[in-house]
Amino acid sequence: MHRLHRIEGQVRGIERMATEDAYCIDVLTQVAAASRALQSVALLLLDDHLRHCLTEAARAGPNMDAEVTEASQAIARLVRS
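Computed from a prediction, not measured in an experiment: that's the story for all the values here.

1. Observations regarding the pattern of salt bridges
Piece 1. Evaluation of the coordinates by the stated rule reveals three salt bridges.
Piece 2. Residue Arg-12 pairs with Glu-8 through a salt bridge whose shortest N-O separation is 3.2 Å. Here the residue Arg-12 and the residue Glu-8 both occupy positions in helix H1 (residues 2–19), the gap between them amounting to four residues, near one helical turn.
Piece 3. Of the charged contacts, one joins Glu-56 and Arg-59 as a salt bridge, the two residues approaching to 2.9 Å between their closest N and O atoms. Linking Glu-56 with Arg-59, this pair stays in helix H2 (residues 24–60), spanning three residues, or about one helical turn.
Piece 4. The class for Arg-59 is exposed, based on a relative accessible area of 63%.

What follows is the structure in structure tokens.
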């Protein structure tokens, strides 16, 4: 949650910079930083999913293929973004 609040603050700062007609390169730098921060959160969520949800699915047995497919699709979305 701390990371998400920090990203929220970054986005508000970007909005303020755009409103105040800040130098475009400075705004783009902040956009890139916020994007990297979101990617970091996404990787943490994916790691958590792999460690917990897939572990539970492996124990349960029959849903394992569906869980692996879901995780693979999530990874593919992250790679494309």
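2. Details of H2
Piece 1. In a regular helix each residue adds 1.5 Å, so 37 residues correspond to 54 Å; H2 covers 52 Å between its end C-alpha atoms and thus fits that length.
Piece 2. Along H2, the sharpest kink reaches roughly 30°, centred on His-49.
Piece 3. Within the span of H2, buried status applies to Val-27, Ala-33, Ala-34, Val-41, Leu-46, His-49, Leu-54 and Ala-57.
Piece 4. Those residues of H2 that are buried lie in contact with H1 and helix H3 (64–80).
Piece 5. Two residues or fewer past H2, Gly-61 is found with a positive phi of approximately 100°.

3. Description of unusual backbone geometry
Piece 1. You will see that Asp-21, though not glycine, has its phi angle at about 55°, which is positive.
Piece 2. Tracing the backbone through its elements, the reader meets Asp-21 in the loop between H1 and H2.
Piece 3. For Asp-21, a relative accessible area of 70% translates into the label exposed.

Here is what the cut-offs are and how they apply
Residues numbered from 1 in each chain as written. Predicted model: local features only at pLDDT ≥ 70, side-chain atom pairs only at ≥ 80, totals over all residues. Heavy atoms only, no water. Salt bridge = Lys/Arg side-chain N within 4 Å of Asp/Glu carboxyl O. Helix = DSSP H or I, 4+ residues; strand = E, 2+ residues; numbered from the N terminus. Buried < 20%, exposed > 50% of the residue type's maximum accessible area, 1.4 Å probe, protein only. Expected span 1.5 Å × (residues − 1). Bend = angle between axes of the 7 residues up to and from the residue. Contact = heavy atoms within 4.5 Å.

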